Amino acid sequence: MIGMSSRGSARVVRSILITSLPAAGAIVVFGTLYGAAAQPLIGTPMTIASSMFIFSGALQFAVVGLLSAGAGAPALLLTAGTLNLRHLVMGAVLRPRIGGSRLRRAGLAFTLLDETFGFAVAASEEAGAERTLFVSGIACHLAWQVGTLIGVLGAGFSGVEGLADAIFPVLFIGLASLAATTGTLVIRALAAAVLTAAVAIMLPDIRALAPVIAGVLVALPGSSEDARSSGEENQA
């Protein structure tokens, strides 16, 4: 990456941005929904600040729902911790692909989303996971701010909500197809989808946690398998 010419580097960054554009467009829609829903509850400055510094759609929407129900700080903190458990799994997957100091990695962690994780895992050797995570993260962060601002300024909630319902499954199917580069990963992605649907149908009270539960259950068996395959390669 150090030896890459400035022209080659610009080409790679441009390629990452083009790949990120569909996700960024969807994020603008979700950001608009969040801005429209949060502004009446916490005001314009706090709505914009939350998107700028928290930058977690799932958590921000959950907080809006809890605040609407009159929940207190303990419920908000418990929800934040639970929803962000999936970042432990995503971070563990990306750790071998990202170098640098702990401070550098901590800075990159701010750009770790479901979308940017998918892009980083699927990144080519030329682009690299680190550069892809950073560039796509900046693009998604800007998209979230734009969407939040549109929502705060008064975009129609019902129309945007219908568009978001249509985009949401398409976005995550696309991310799954990017990340599932082997047969084993395809099976795990399908298993996670089935588990999510099963939890949402059978336990509707915790359906918001269904993707987290499915993601952790599907990801955990990978550690022992990866360790065995790594050991076999080293022996060979």
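Quick look at the structure, then.

What counts, and where the lines are drawn
- Residues numbered from 1 in each chain as written.
- Predicted model: local features only at pLDDT ≥ 70, side-chain atom pairs only at ≥ 80, totals over all residues.
- Heavy atoms only, no water.
- Helix = DSSP H or I, 4+ residues; strand = E, 2+ residues; numbered from the N terminus.
- Buried < 20%, exposed > 50% of the residue type's maximum accessible area, 1.4 Å probe, protein only.
- Contact = heavy atoms within 4.5 Å.
- Areas by Shrake-Rupley, 256 points an atom, 1.4 Å probe, with all protein chains shown as cover.
- Arc of directions from axis to C-beta.
- Expected span 1.5 Å × (residues − 1).
- Core = buried A, V, L, I, M, F, W, Y, C linked by side-chain atoms within 4.5 Å.
- Phe/Tyr/Trp six-rings, centres within 6.5 Å; stacked < 30°, edge-to-face > 60°.
- Salt bridge = Lys/Arg side-chain N within 4 Å of Asp/Glu carboxyl O.
- Axes fitted to C-alpha atoms, helices over the stretch in contact; angles between N-to-C directions.
- Parallel < 35°, antiparallel > 145°, perpendicular 65-115°, else oblique.
- Left-handed = near helix turned anticlockwise from the far one by under 90°.
- Nonpolar A, V, L, I, M, F, W, Y, C, P; charged D, E, K, R; others polar.

## What about the overall build of the protein?
Check the secondary structure of the protein and you find eleven helices and zero strands. In the protein, the order of α-helices and β-strands from amino to carboxyl end is α-α-α-α-α-α-α-α-α-α-α. Taken across its 236 residues, the protein has 33% of its residues classed as buried. Excluding contacts between residues fewer than 6 apart, the proportion of contacts in the protein whose partners are at least 24 apart in sequence is 72%. With the model as given, the accessible surface of the protein reaches about 13400 Å², and the carbon-plus-sulfur share is 70%.

## Regarding helix α3 (residues 73–83)
Every α-helix carries 3.6 residues per turn, so stepping three or four residues along brings you back to the same face. If you check which residues of α3 are buried, you get Thr79, Ala80 and Leu83. Axial view of α3: buried residues confined to an arc of 100 degrees, hence all on one face. Seen from the open side of α3, the exposed residues pointing more than 90 degrees away from its buried face are Pro74, Leu77 and Leu78.

## Thoughts on helix α2 (residues 57–68)
Taking 1.5 Å of rise per residue, the twelve residues of α2 would be expected to cover 16 Å, and the 17 Å separating its terminal C-alpha atoms lies within 8% of that figure. Residues of α2 that are buried: Leu59, Gln60 and Val64. Angularly, the buried residues of α2 cover 140 degrees about the axis, an arc narrow enough to put them on a single face. In the stretch just after α2, Gly70 is the one whose phi turns positive, near 80 degrees.

## Brief notes about the nonpolar core
One finds Ala24, Ala26, Ile27, Phe30, Tyr34, Ala38, Phe55, Val64, Leu113, Cys140, Ala143 and Trp144 forming the largest nonpolar core, which totals twelve residues. Considering every element that reaches this core, the biggest residue donor is helix α1 (residues 6–53), with six residues. Look past the residues within four positions of Ala38 in its chain and what remains in contact with it is Gly43, Thr47 and Val64. Judged by nonpolar contacts, the second largest core, of ten residues, contains Met90, Ile98, Phe117 and Ala120.

## Some details on the packing of aromatic side chains
Scanning the entire structure with this criterion turns up four aromatic pairs. Seen from their ring centres, Tyr34 and Phe61 are 5.9 Å apart, and the 85 degrees between their planes marks the pair as edge-to-face. One end of the pair, Tyr34, is in helix α1; the other, Phe61, is in helix α2, with 27 residues separating them in the sequence. Assessed through its relative accessible area of 3%, Tyr34 is described here as buried. The exposure class of Phe61 is partly exposed, given its relative accessible area of 31%. Both rings, one in Tyr34 and one in Trp144, keep their centres 5.9 Å apart while their planes meet at 25 degrees; by these two values the pair is stacked.

## Topic: the pattern of salt bridges
What the rule picks out here adds up to three salt bridges. Close ionic contact of Arg11 with Glu126 constitutes a salt bridge, the shortest N to O distance being 2.5 Å. Of this pair, Arg11 sits in helix α1 while Glu126 is found in the loop between α6 (114–121) and α7 (129–152), placing the two residues 115 residues apart along the sequence. The exposure class of Glu126 is partly exposed, given its relative accessible area of 37%. Close ionic contact of Asp114 with Arg86 constitutes a salt bridge, the shortest N to O distance being 3.0 Å. Within this pair, whereas Asp114 is found in helix α6, its partner Arg86 is found in helix α4 (residues 86–94), the two being separated by 28 residues in sequence. A residue is classified by how much of its surface remains accessible, and Asp114, at 23% relative accessible area, is partly exposed. Residue class for Arg86 comes out buried when judged on its relative accessible area of 18%.

## Some details on the packing of α6 against α7
Closest axis-to-axis distance for the α6/α7 pair is 8 Å, and the angle between their directions is 150 degrees. Considered as vectors, α6 and α7 are oriented roughly antiparallel to each other. Helix-helix and strand crossings are classified by hand; for α6 and α7 the assignment is right-handed. Where α6 abuts α7, its residues Thr116, Phe119 and Ala120 lie against Ala129, Thr132, Leu133, Ser136, Gly137 and Cys140. Residues belonging to the contact of α6 with α7 are distributed by class as follows: five nonpolar, four polar and no charged.

## Some points on unusual backbone geometry
In the Ramachandran plot, Phe55 falls in the positive-phi region, its phi being about 50 degrees despite a non-glycine side chain. For Phe55, the location among the structural elements is in the loop between α1 and α2. Classification of Phe55 as buried rests on a relative accessible area of 4%.

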